[in-house]
Amino acid sequence: MGPGESGRPAARPGRARDVRMLLTDPALPVAALGMAAIATALYSPMLTWAITGGLAGYSLSGSV
């Protein structure tokens, strides 16, 4: 077998490799989760009551 015949795709040119690196970089998901955690911490009392009210309404509606 010669080079490129191993069944693996050939190396991609620079731009495609750069785009792939950006899409697989963990910085964006980590930043999004961090911002979501901060927003949740700031709005936790309101979210607690919203979730409690939603569950109460669901159980009282006869859906359970």
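The structure this text deals with has already been given above.
Since the model is a prediction, treat every value here as computed from it, not as a measurement.

The end-to-end C-alpha distance of helix α3 (residues 44–60) is 24 Å, a good match for the 24 Å that 17 residues give at a rise of 1.5 Å each. Of the residues flanking the end of α3, it is Gly62, one or two places downstream, whose phi is positive at about 90°.

Attention shifts here to a nonpolar patch on the surface. On the surface, Ile38, Leu42, Tyr43, Met46, Leu47, Ile51 and Leu55 cluster together into a nonpolar patch covering about 770 Å² of accessible area. Of all the secondary structure elements, the ones that give two or more residues to the nonpolar patch are α2 (27–42) and α3. Mapped onto the fold, Leu42 is located in helix α2. Overall, the relative accessible area of 64% leaves Leu42 in the exposed class.

The description of two helices packed together rests on the angle between their axes and the distance between the axes. At a minimum axis distance of 5 Å, the contact between α2 and α3 shows a crossing angle of 80°. Classified by the angle between their axes, α2 and α3 sit roughly perpendicular to one another. Mapping the contact onto sequence places Thr40, Ala41 and Leu42 in α2 and Ser44, Pro45 and Leu47 in α3. Taken together, the residues that form the contact of α2 with α3 break down as four nonpolar, two polar and no charged.

What counts, and at which threshold
- Residues numbered from 1 in each chain as written.
- Predicted model: local features only at pLDDT ≥ 70, side-chain atom pairs only at ≥ 80, totals over all residues.
- Heavy atoms only, no water.
- Helix = DSSP H or I, 4+ residues; strand = E, 2+ residues; numbered from the N terminus.
- Expected span 1.5 Å × (residues − 1).
- Patch = residues over 30% accessible without salt bridge, like charges linked within 9 Å, V, L, I, M, F, W, Y side chains within 5 Å.
- Areas by Shrake-Rupley, 256 points an atom, 1.4 Å probe, with all protein chains shown as cover.
- Salt bridge = Lys/Arg side-chain N within 4 Å of Asp/Glu carboxyl O.
- Buried < 20%, exposed > 50% of the residue type's maximum accessible area, 1.4 Å probe, protein only.
- Axes fitted to C-alpha atoms, helices over the stretch in contact; angles between N-to-C directions.
- Parallel < 35°, antiparallel > 145°, perpendicular 65-115°, else oblique.
- Contact = heavy atoms within 4.5 Å.
- Nonpolar A, V, L, I, M, F, W, Y, C, P; charged D, E, K, R; others polar.

Function cannot be inferred from these measures alone, as they are strictly geometric.
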